[in-house]
Amino acid sequence: MMINNCYNGKSLLITGATGFVGKVLLEKILRDIPSVKQIFIVIRGNAKERFEEDILGSRIWDLMKTQMGVQEFNAYIRAKVIPIAGDLSKESLGLSAEDYAGIVENINIIIHCAASIDFRERLDNAIRSNLYASLNMLDLAKKLKGLIAYVHCSTAYVNSNREGWLDEELPVLDFNPEEMVDLIMKQDIPTLEKITPNLMGSYPNSYTFTKAITERILALKRGDIPMCFVRPTIVGGSLKEPTPGWVDSVAAVGAVMLYCGVGLVQFMKGDGKIIADIVPVDLVANALIAAVPSIANQNVLKIYQIGTSHRNPVSWIRVSHWVTEYWRNHTPKKSIARSSFSFHTNIMMYEAHFFMKYGIPSFLLSTFAMITGNEETKSKAEAFKKMTKAARLITDTFKHFTAHEWVFSVSTLEKAIQDLDAEDKIKFTIDASEINWQSYFCYFCYGLHKYVLKEEGVRPPTELLNTSLITKSDINQSGFLQWVFADVSWAYTSYRHVTQTPLPPRAPAEIRSLVMNSPRVQMAMEKVSREEGVLVSEIEKRGNQIIDRMQSNLNVVVVRVLGWFLKKVWRKIYQGIHVDEKGIELIREAIKKSPVVLVPTHRSYIDFLIISYIFFEYNLPLPHIAAGEDFLAIIIVRWFFRNAGAFFLRRSFHGDALYWAIFSEYVQRLVIDNQPIEFFIEGKRSRTGKSLHPKMGLLSMIANPYLDNKVPDVHVVPIGISYEKVLEGELYSQEMMGENKTKESLNGLLRATKILRMNWGRINVVFSQPISIKQYTEEKTKEISSARLSDPTGPTAALVAPPNAGKQVDANISEGDFEPNTNTNDTRAPGQVFDPYHNTNDRRVLIEDLGYQIVRDLNKSAIITTTSAVATILLSFRRGINREELINKVEWLREEIFSRGGDVAFEGPSDALVDHSLKLLTNLVSKRRNMYEPAFTQQGSHNSNYRKNILVLNFYRNQLLHLFLWDGLISCVMQSLLQHQKDNDQLLKANNTTTNNSNIVNSVDQESLISEVRFLGKILSIEFVNQPGYDTDEFILSQIAKMVSRGLIAKDVNAATGKVSYTIKSESPVTFFANLFYPLIEGYVAGLLTLFSIQPESTIKKNNLLQRIGWFAEKMYEEGKIHYYESCSMELLGNCLILFEQMRIVEKKKHIEVVGKRTTRNNNKKDKKPTRAERQNNEEYIQLLPPYQDKDGQLKDIAERLSKFRKSVQAKHHLNDLRRTVVEDFPILSKL
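Residues numbered from 1 in each chain as written. Predicted model: local features only at pLDDT ≥ 70, side-chain atom pairs only at ≥ 80, totals over all residues. Heavy atoms only, no water.

The helix and strand tally for the protein chain stands at 48 helices and 33 strands. Across the 1232 residues that make up the protein chain, the buried fraction comes to 55%. Long-range pairs, those at least 24 residues apart, make up 82% of the contacts in the protein chain with a sequence separation of at least 6. Roughly 54300 Å² of accessible area belongs to the protein chain as shown, and the carbon and sulfur atoms make up 51% of that amount. (Helix = DSSP H or I, 4+ residues; strand = E, 2+ residues; numbered from the N terminus. Buried < 20%, exposed > 50% of the residue type's maximum accessible area, 1.4 Å probe, protein only. Contact = heavy atoms within 4.5 Å. Areas by Shrake-Rupley, 256 points an atom, 1.4 Å probe, with all protein chains shown as cover.)

On to the side chain of Glu-121, then. Along the chain, Glu-121 turns up in the loop between strand E4 (109-112) and helix H7 (123-143). Buried charge without a partner: Glu-121 forms no salt bridge, and the closest opposite charge is Arg-128, 7.7 Å away. Residues in contact with Glu-121, not counting those within four places in the same chain, are Ser-116, Ala-126, Ser-129 and Ser-206. (Lys, Arg positive; Asp, Glu negative; His and termini not counted. Salt bridge = Lys/Arg side-chain N within 4 Å of Asp/Glu carboxyl O.)

Ranked by size, the top nonpolar core spans 116 residues in total, and within it Tyr-7, Ile-14, Ile-111, Leu-288 and Phe-441 carry the most contacts. Of all the elements, helix H12 (residues 281-295) adds the most residues to this core, at eleven residues. Setting aside residues no more than four positions away along its own chain, Phe-441 makes contact with Met-257, Ile-278, Val-319, Trp-322 and Val-323. By size, the runner-up hydrophobic cluster in this structure holds 109 residues, among which are Val-904, Leu-965, Phe-1112 and Leu-1195. (Core = buried A, V, L, I, M, F, W, Y, C linked by side-chain atoms within 4.5 Å.)

This paragraph deals with the sheet that holds strand E1 (residues 11-15). Read from one edge to the other, the open sheet built from seven strands follows the order E3-E2-E1-E4-E5-E7-E11, with strand pairing classed as parallel. The strands lining the two open edges of the sheet, one partner per strand, are strand E3 (81-85) and strand E11 (301-306). For this sheet the average axis-to-axis angle between neighbouring strands, irrespective of direction, equals 20 degrees. Packing against the sheet, helix H10 (residues 206-221) makes contact with strand E5 (149-153), strand E7 (227-232) and E11, and its axis sits at approximately 165 degrees to E7. (Pairing = 2+ DSSP bridges. Axes fitted to C-alpha atoms, helices over the stretch in contact; angles between N-to-C directions.)

With 13 residues, helix H2 (residues 20-32) ought to run about 18 Å at 1.5 Å a step, and its terminal C-alpha atoms sit 19 Å apart, in line with that. Within H2, 13 of the 13 residues are buried, leaving the element largely enclosed by the surrounding structure. (Expected span 1.5 Å × (residues − 1).)

A word on the pattern of salt bridges. Any two side chains of opposite charge can pair, so long as their charged atoms come close to each other. In the structure shown here, the tally under the stated rule is 61 salt bridges. Among the charged side chains, a salt-bridge network with shared partners connects Glu-27, Lys-28, Arg-31, Asp-32 and Glu-241.

Moving on: the sheet that holds strand E29 (residues 1049-1053). In space, the three strands of this open sheet follow the order E28-E30-E29, with antiparallel pairing throughout. The sheet terminates laterally at strand E28 (1004-1005) and E29, the two strands that pair on one side only.

This brings us to the confidence of the model for the protein chain. Of the residues in the protein chain, 88% have a pLDDT of 70 or more, and the chain-wide mean is 85. Note that residues 1209-1213 has pLDDT below 50 and, in this model, four contacts with residues that lie over four places away or in other chains. Residue range residues 1226-1232 is modelled with pLDDT below 50. Its contacts to residues more than four positions away, or to other chains, number nine contacts. (pLDDT = per-residue confidence, 0-100.)

Within E7, six of the six residues are buried, leaving the element largely enclosed by the surrounding structure. Both faces of E7 are covered, namely the face carrying Met-227, Phe-229 and Arg-231 and the face carrying Cys-228, Val-230 and Pro-232. Relative to E7, E5 runs parallel, the two being bridged by four bridges. Bridging from a neighbouring strand, Tyr-150 pairs with Met-227 of E7. Sheet topology places E7 next to E11; six bridges connect them, and they run parallel. The partner of Val-230 across the bridge, within E11, is Tyr-304.

Here the focus is the packing of aromatic side chains. For the structure shown, the criterion picks out 50 aromatic pairs. Geometrically, the ring pair formed by Phe-955 and Tyr-956 is edge-to-face, given 5.5 Å between the ring centres and 85 degrees between the ring planes. Residue class for Phe-955 comes out buried when judged on its relative accessible area of 4%. The exposure class assigned to Tyr-956 is buried, which follows from its relative accessible area of 2%. Pairing Phe-1072 with Phe-1073 gives two aromatic rings, centres 5.8 Å apart and planes at 70 degrees, and the pair type is edge-to-face. (Phe/Tyr/Trp six-rings, centres within 6.5 Å; stacked < 30°, edge-to-face > 60°.)

As a packed pair, helix H25 (residues 556-573) and helix H28 (residues 635-643) sit with axes 8 Å apart at the nearest point and diverge in direction by 120 degrees. Where H25 crosses over H28, the handedness of that crossing is left-handed. Here Val-558, Val-559, Val-561 and Leu-562 of H25 lie close against H28, whose contacting residues are Trp-639, Phe-640 and Asn-643. (Left-handed = near helix turned anticlockwise from the far one by under 90°.)

Before going further, it helps to spend a moment on helix H26 (residues 581-591). Of all the positions in H26, only Gly-583, Ile-584, Ile-587, Arg-588, Ala-590 and Ile-591 are classed as buried. Viewed along the axis of H26, the buried residues span an arc of 165 degrees, placing them on a single side of the element. The opening residue of H26 is Asp-580, an N-cap whose side-chain oxygen sits 3.2 Å from the backbone nitrogen of Lys-582. (Arc of directions from axis to C-beta. Polar contact = N/O pair within 3.5 Å; in protein donor to acceptor, adjacent residues only side chain to side chain.)

Negative phi values dominate among residues other than glycine, just as trans dominates among peptide bonds. The amide bond that connects Glu-241 to the next residue, Pro-242, takes the cis arrangement and shows omega of 0 degrees. Looking at the element boundaries, Pro-242 is found in the loop between strand E8 (234-236) and helix H11 (253-261). Positive phi is not limited to glycine here, since Leu-93 has a value of about 60 degrees. Of note, the phi angle at Lys-454 is positive, near 55 degrees, even though the residue is not glycine.

Let us look at the packing of helix H37 (residues 883-899) against helix H43 (residues 1067-1090). It is at 13 Å that the axes of H37 and H43 come closest, and there the two elements cross at 80 degrees. Here H37 is positioned roughly perpendicular relative to H43, judged by the angle of their axes. Contacts between H37 and H43 involve Trp-892, Leu-893 and Glu-896 from the first element and Pro-1069, Phe-1072 and Phe-1073 from the second. Looking at the contact of H37 with H43, its residues break down into five nonpolar, no polar and one charged. (Parallel < 35°, antiparallel > 145°, perpendicular 65-115°, else oblique. Nonpolar A, V, L, I, M, F, W, Y, C, P; charged D, E, K, R; others polar.)

In this structure, Trp-570 sits in helix H25. Here Trp-570 falls in the buried class, since its relative accessible area comes to 1%.

The next thing to look at is the pairing of strand E21 (residues 762-767). With six of its six residues buried, E21 lies for the most part within the structure. Neither face of E21 is open: one carries Arg-762, Asn-764 and Val-766, the other Ile-763, Val-765 and Phe-767, and all of them are buried. Relative to E21, strand E15 (residues 576-579) runs parallel, the two sharing four bridges. In the sheet register, Gly-576 faces E21, and the bridge partner there is Arg-762.

Assignment of secondary structure puts Asn-839 in the loop between helix H34 (795-800) and helix H35 (840-861). On the basis of relative accessible area, Asn-839 is assigned to the buried category, the value being 0%. When the C-alpha positions of Asn-839 and Arg-828 are compared, they lie 5.3 Å apart, and in sequence the two are eleven residues distant. Separated by 3.1 Å, the side chain of Asn-839 and the backbone nitrogen of Asn-841 make a polar contact.

Structural data, given as structure tokens:
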């Protein structure tokens, strides 16, 4: 705590406290060095009034007010800070005699920050402000009785008359500074203005010129004063403190960035490739504070430079790119043109561009105003002239810094910081090497947007997603030819310095040979040969055909062509592809150590392309992508995909031993060779927007090489890909309405070119923390072993038991997706109760657990888009909502998402975000009399277009449902049970019956709430991915407690009985959350009611039953028995059958008709296995199980229990009417 010790009990005098640097310095001292005795600040004019308005009124104190509380903060700052009136350029600093005497007696440390930073100020005035004020401060310092340090804030550009590397040394002048001052001050104003350029010589402005003179004269006259010059370079917004991006003035580079944002300045003189030395203001404040201990009580003069060019240089072209990108995504309301920025190294080109951009329009507008004499036109012409003048002024003022390059050494300051203790090094850091420039400039622009423009609703940038791949490569394009052929240049020059894997990639022919000659494949071929009675050579030919059809053939040349093409497409259809660069670096490190497996979410066919494109951009080894054989039907696409790394698999190959052996060996060979692999654990694209349950087959193949000790580790990387607008939205809605899936074809691809004329918003890609299978296995082994030892019959053993529990199986899963094995030997290592390395049951448990963990990470990494939030609100207000209320609701929903741990891609003002989303959803939303609602035509809600629109909006809403699952289920149960109590009370009153409990406030007892929430959770278990066994009493109670803590429901405990009950505390949000899940509940109600149409002991084809459920659900919707059309989604209704089978309400059977040679009882030959075609053509049939064949028995009970959770609770007689309708209508339907 060296700095605290140095400042402890000391009184400070700070000048320039109303300025940008001064405010940050004052805030830092008050927040992190509370041991200072007092801080005197000299303010020109009415000190107390300016202290209240300019300092206390600043937003810079928001952090301290939050930490301390407003009242305590006000008392603290008024006790510590003493404002005094003065003028530094005057004798005795313009202080009163009393104030001057008080300063002489009390001050121990001076930090002089006051200066005139007007680059165009007249020289004599600049001398008064910068030199005379500093000399007056020096005179005061010499009179102080207890002075220990004098810190003078200068500028690194005192040496701007030179270029290149600049050490911390006094400025080199080719004149006597004192004589120059005398010369300047003797001139009359006209003469001075005339000779100023000659006097300044190589200095670009009066500020740097007079600062250089000031340093030389102070060094001559300091005497024995402990003095230090702290020289910042171009000062920008804060990096971290008091808040990222804080800025409250428009000066220097901030002015350029702001005028770029509003479209006033779009180009400048200079070279974009040179270094822009911009230093965050909080690092400058830290340097000023940390300089004091290094000179305290020493007769020394030290010079410290604080900049970024030495340790972390950044070019002007990169700065302009990131600044432009921010302003394009967050367009200010005051903007006059789209943000754009470039540099002209050629002065003639600059002047020509300026003349075309500003000169001609200004001349034409002025001429038109003069001819017409219109006052409004004259006013516009005058305003345009002012704008032109401002643009010229900014570019001329800053041109010296964009046309020359310096590298300012910071070695001396770094040495001084090294003398501090570890805590001070962190708290008062000056380390610029760790600055993420893209993030910094995004926050700098955000600060200008929020604190300078003062626009409402401006939000901090999403730090995860600062980078847009569409424009990222544009930074590196320089020169005319590269500009013309930018994408060709990018595709050719990218992917040159690829991160190397531990092993070099094998040639496809070598991989093929290793796979086909592996023991696994050889054994499979022999097995199939025996079963089918054909020669092994014939089976080998079949195997070669399989590997030929399956194998990828990664070709970098083809990848470059594809990259160039995709770059064109992305730029055409997307506003941005935003990538989590921190996650990229985590993957880069993982790739160097072990095989990496990429597991993205799957919502669109774009998922197949986007990860490879990102890896190409970031020089990471391209992944081998598991793709369905559907793509092989597209003659051109299949060639590109295969050469871009795709390998193809059948949708189903369960029971095909040869295919399974070749495929699993191929995948494991890629893992063993340390080649990145990409696959979709959900198996298929989610047509509903929700995550699908994990498919474990490929995951087991990828984990086996580690578990079989063939590789030291495998890293699995879940990747969340979210779309503001998905390309296949309309196709998904058609499939959800029961139409056949559109098959992939070249013709279909060509027809889809219409998407190039549409705006599809942006894509967000977030990489989760890589999961080490080695570490995961060790942790799970320890966890499950401990649980089994402590309770061998407990839930851990029950949950993890596979379908063939009790049968020990081989650790080598060689065929089928977790197919059972009859080996009964215990393969665990001695003394082990959980051993996934040797025991297949335990391995099964581990892989299933890992699969669910991956899906949980996918949900966490998926960014919630504004279109998702807007769609959710629109579906909750289907009768219409006005723009203002929509904005408020979206803002509220955003906060709710954040509070539940969701990440939201919300940047910019809420109104702009909502307008942006409505524009993307324009074909789904209609506006009537300032009210927005799901779009429909004159036919109303029964129109097919309206229904499709509802289903697409539902797709976007479903992306956030998992965040509100338990809030929604608890809300549904609470509203249902309370409504049931209300209906009973009304029934009792109608019958003139009273009870002792009639006056009790309606509430839901805890036991009923837990039971019904668990029941609803089970019903919706197919819709949401939750690991089996999660719905314990403790878990559900924890979710109820969260709702209580959020103020949504209230908990009551009966003092006499100890009985716990709950009531609704906040009706509006509870109703909103319940409304999110009513459509799902109504879909399952429709599915259950349809089961009443199945005759006992009879079977019905599964597809026919699905069509029947869909027809009945739509009938219920048309008749108003179902409130939501999304309840009729075929995906939802298909999940109903899966649930009913799991709940043992129905069972699925296969009827196989074998056509061919008859067999007799005397035929000793074994029956052949059905062929692949026969297996795929097996019809599936559904039959009610005996407990549910009685329509007035258990089936009725479960239907009534679920039906009470619908939006409007139905009376029992109404449910019976629905059942009778089903039974009466469906015989006719089956005949049709």
